[in-house]
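# Summary of structural features
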Amino acid sequence: MCGNEMDRMPNWAFKTMSFIFSIGDFFQSPDHRLDAFNMREGQTIVDWGCGTGRYLKQASELVGDSGIVYAVDIHQLAIEAAVAVTKKYNLKNIHPVLTDGKSVNIPPQSADVVYALDMFHMVSDTKGFLTELCRITKPDGVLFLEDGHQPRALAKQKVNNSGCWEIIAETKVYLKCRPISQSM
Ligand SMILES: C[S@@+](CC[C@H](N)C(=O)[O-])C[C@H]1O[C@@H](n2cnc3c(N)ncnc32)[C@H](O)[C@@H]1O
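Every value quoted in this text rests on a predicted model; they were computed, and no experiment measured them. (Residues numbered from 1 in each chain as written. Predicted model: local features only at pLDDT ≥ 70, side-chain atom pairs only at ≥ 80, totals over all residues. Heavy atoms only, no water.)

### Concerning the pairing of strand β6 (residues 165-170)
Applied cut-off: We treat two strands as partners when DSSP finds at least two bridges between them. A run of H or I in DSSP becomes a helix once it reaches four residues, and a run of E becomes a strand once it reaches two; helices and strands are each numbered from the N terminus.
Of the strand pairs in this sheet, β6 and strand β7 (residues 174-179) are connected by five bridges, and their pairing is antiparallel. Each bridged residue has a counterpart across the sheet, and for E166 the counterpart in β7 is R178. Between β6 and β7, which follow one another and run antiparallel, lie three residues.

In structure tokens, the structure reads:
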């Protein structure tokens, strides 16, 4: 297996994760999770590592019919989950996209906001991952990157070593980054 294949969890693990998330979401709705990302009508959004698709409904509503939400994941079950959410809520602007972890079929410099929540710790080739995210982000776009299950210092080191993102703010749960080219 190559690094990206190792990043993909087995089906049983994905299903277990889905079950655990559904219980957590029952007690605490995920519907306001994206509030801090300042997403607006008409924007192009990328939910990288969309998992069970628990943030897609809110993302879809925030950008409206004139916007686009790419739901990207390395796991086929996540793509199926994104399709199911899309059908359940009759969302018109969701585009599920399967990635091999190295590249994704999204046009260059098209995203206003990319968010990657609870998944950065799962990525083995962090430089390749961050480079691909940079490729699809507009020069004035932003990336919200959660540490995932790793120390903040390690997450920051990976971002800084990528050479393509500048950390412009941080909260307890995520780093806010912009493409380096914008700041030069
Ligand atoms: C713990 S789940 C989190 C899902 C979602 N972001 C959330 O917060 O509910 C991590 C997801 O990231 C996906 N993933 C892991 N590595 C990835 C990669 N390199 N590219 C895209 N998705 C990846 C996994 O398949 C899984 O669906």
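### Overview of the state of the cysteines
Note the cut-off: Two cysteine sulfurs form what is called a disulfide whenever their separation falls within 2.5 Å.
One pass over the full model with this rule turns up zero disulfides. In this model C164 remains outside any disulfide bridge; the closest cysteine sulfur is found in C134, 4.5 Å from its own.

### Some thoughts on the side chain of T137
Put simply, the test is: Accessible area is worked out with a 1.4 Å probe on protein chains only. A residue is then buried under 20% of its type maximum, exposed over 50%, and partly exposed in between. Each polar contact in these results corresponds to two N or O atoms within 3.5 Å; when the atoms are within protein, one needs to be able to donate a hydrogen and the other to accept it, and residues that are neighboring in sequence are counted only if both atoms are side-chain atoms.
Among the secondary structure elements, T137 is positioned in strand β5 (residues 137-146). Residue T137 is classed as buried on the basis of its relative accessible area, which comes to 2%. Separated by 2.6 Å, the side chain of T137 and the backbone oxygen of L133 make a polar contact.

### Some details on the sheet that holds β7
Test applied: Under this scheme, a helix contributes an axis fitted over its contacting stretch, all axes are lines through C-alpha atoms, and angles between N-to-C directions fall in the 0 to 180 degree range. Throughout, a residue-residue contact means that at least one pair of heavy atoms, one from each residue, lies within 4.5 Å.
Taken in spatial order, the seven strands of this open sheet run β3-β2-β1-β4-β5-β7-β6, and their pairing is mixed. In this open sheet, the two strands that pair with only one neighbour each are β3 (94-98) and β6. Neighbouring strand axes in the sheet, compared pairwise and without regard to direction, differ in orientation by 20 degrees on average. Of the strand pairs in this sheet, strand β4 (residues 111-116) and β5 are connected by five bridges, and their pairing is parallel. Bridge pairing in β5 links A116 to L145. The strands touched by helix α5 (residues 126-136) within the sheet are β1 (44-48), β4, β5, β6 and β7, with β5 carrying the most contacts at an inclination of about 140 degrees.

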